[in-house]
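# Fold and geometry: a report
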Amino acid sequence: MLEMTREEFEELVAEALDRIPPELTRLMDNVAVFVEDEPPADDPGLLGLYEGTPLTERGEWYAGVLPDRITVYRGPTLRMCETRADVVAETEVTVVHEIAHHFGIDDERLHALGYG
């Protein structure tokens, strides 16, 4: 397995977030991004997870709620990648994938766009 500290991985996630176009990041609302070492035991290969209410489903009732949560998992990403460049690329895909869920884009469309 490729070695990378949590701090190094967190920096890659931050860099991937920085590459999201500003016109999209301005539209993101009430969402926080986290890095965890491992996903839930029932889905050990999970690279990222979006938990929340997509922007497309929010209505007048949406107020006073906790932020949506995007989690990127270090362990499975490092296990599937052979080089640091692979980790950079996979982290960027994962971040874009989970942010797309925040915007209401489903897995089928993301796979068609190459972010599956």
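For the structure itself, look to the data block above.
Residues numbered from 1 in each chain as written. Predicted model: local features only at pLDDT ≥ 70, side-chain atom pairs only at ≥ 80, totals over all residues. Heavy atoms only, no water.

Moving on to the sheet that holds strand S1 (residues 31-36). A sheet is described by the order of its strands in space; here three strands give the open sequence S1-S3-S2, paired in mixed fashion. Strands with a single pairing partner mark the edges of an open sheet, and in this sheet they are S1 and strand S2 (48-51). Sheet twist, expressed as the average angle between the axes of neighbouring strands with direction ignored, equals 15 degrees. Relative to strand S3 (residues 68-73), S2 runs antiparallel, the two sharing four bridges. Among the inter-strand pairings, Leu49 is bridged to a residue of S3, identified as Thr71. (Pairing = 2+ DSSP bridges. Helix = DSSP H or I, 4+ residues; strand = E, 2+ residues; numbered from the N terminus. Axes fitted to C-alpha atoms, helices over the stretch in contact; angles between N-to-C directions.)

Once that is clear, we can look at the environment of Val35. With respect to the helices and strands, Val35 occurs in strand S1. Residues Val35 and Tyr73, 38 residues apart in the sequence, show an inter-C-alpha distance of 5.9 Å.

Counting 17 residues, the largest nonpolar core has Met4, Phe9, Val13, Val87, Val95 and Ile99 as its most contacted members. When contributions to this core are tallied by element, the ones reaching two or more residues are helix H1 (6-18), S3 and helix H4 (84-102). Among the elements that take part in this core, H1 stands out by supplying four residues, more than any other. (Core = buried A, V, L, I, M, F, W, Y, C linked by side-chain atoms within 4.5 Å. Buried < 20%, exposed > 50% of the residue type's maximum accessible area, 1.4 Å probe, protein only.)

Let us look at H1. Helix length check: H1 (13 residues) gives 18 Å between terminal C-alpha atoms against 18 Å at 1.5 Å per residue, within 8%. Taken together, the buried positions of H1 are occupied by Phe9, Leu12, Val13 and Ala16. Here the buried residues of H1 occupy an arc of 100 degrees about the axis, which is enough to place them on one side. Exposed side chains of H1 directed beyond 90 degrees from the buried face belong to Glu7 and Asp18. As for H1, its buried residues are in contact with S1, S3, helix H3 (74-80) and H4. (Expected span 1.5 Å × (residues − 1). Arc of directions from axis to C-beta. Contact = heavy atoms within 4.5 Å.)

Here we take up the layout of surface pockets. Any empty space left between atoms is shown by rolling a water-sized probe over those atoms. In this structure, the largest pocket occupies an estimated 200 Å³ of space. If you go around the largest pocket, the residues you meet are Ala16, Arg19, Ile20, Pro21, Leu24, Glu92, Val96, Ile99, Ala100, Phe103, Ile105 and Tyr115. Here the element with the most residues in the lining of the largest pocket is H4; it accounts for four residues. For the lining of the largest pocket, a count of residues per class yields 10 nonpolar, no polar and two charged. (1 Å grid on protein atoms, 1.4 Å probe; cavity = no way out; pocket = protein on both sides within 12 Å on 5 of 7 lines; lining within 4 Å. Points joined across faces, edges and corners; volume = space filled by probe spheres on them. Nonpolar A, V, L, I, M, F, W, Y, C, P; charged D, E, K, R; others polar.)

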